[in-house]
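Now for the letters of each chain:
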Amino acid sequence: MYIAIVNWDKCTGCRDCIGSCPVDCFVMEDGKSLPHLASHCIDCGSCLEVCPEDAIAISIGWGGRGGVFR
Ligand code: SF4
Ligand code: SF4
């Protein structure tokens, strides 16, 4: 299982990750990207490529909820 995590200290809310994700993992909340479907991640790498702030991490086999790091 892969889980997407966003570091809200780094996220500028540019929305680039939202359009890049094939499983619509991300939505905007309070001007930041929230991976509300974090556990739907298929580890395609698209969001990691497009994020200009290096704010996204993909965890493998973590077993937690994913979500937001701040
Ligand atoms: S790695 Fe791919 S599937 Fe996973 S959250 Fe990023 S864009 Fe979505
Ligand atoms: S691409 Fe990066 S900086 Fe832009 S909204 Fe997504 S997580 Fe935030």
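Relevant structure appears above.
1. A closer look at the site of ligand 1
Residues in close proximity to ligand 1 total 14 residues, the closest being Ala4, Cys21, Cys41, Cys44 and Cys47. Within the shell around ligand 1, the residues separate by chemical class into 10 nonpolar, three polar and one charged.

2. A look at the nonpolar core
Core analysis: the biggest nonpolar cluster contains 14 residues, and Ala4, Cys17, Cys25, Cys47 and Ile56 have the highest contact counts within it. The dominant element in this core, judged by the number of residues it contributes, is strand β1 (residues 2-7), at three residues. Beyond its immediate stretch of four places on either side in the chain, Cys25 contacts Ala4, Pro35, Leu37, Ala38, His40 and Cys41.

3. So, the environment of Glu29
Here Glu29 shows up in strand β2 (residues 26-29). Of the residues examined, Glu29 has 12 C-beta atoms within 10 Å and is grouped as exposed. For Glu29 and Gly13, which are 16 residues apart along the polypeptide, the C-alpha to C-alpha distance reads 9.0 Å.

4. Some details on unusual backbone geometry
Located in the positive-phi region is Arg15, a residue other than glycine, with phi close to 75°. Structurally, the position occupied by Arg15 is in the loop between β1 and α1 (16-20). Arg15 sits in the partly exposed class, given 14 other C-beta atoms within 10 Å. In this model, Asp43 sits at a positive phi of 60°, which is unusual for a non-glycine residue.

Parameters at a glance
Residues numbered from 1 in each chain as written. Chains lettered and ligands numbered in written order. Predicted model: local features only at pLDDT ≥ 70, side-chain atom pairs only at ≥ 80, totals over all residues. Near = placed C-beta within 6 Å. Nonpolar A, V, L, I, M, F, W, Y, C, P; charged D, E, K, R; others polar. Core = buried A, V, L, I, M, F, W, Y, C linked by C-beta atoms within 7 Å. Buried ≥ 20, exposed ≤ 12 C-beta atoms within 10 Å, placed from the backbone. Helix = DSSP H or I, 4+ residues; strand = E, 2+ residues; numbered from the N terminus. Contact = placed C-beta atoms within 7 Å.

By themselves, these figures tell us nothing about what the structure is for.
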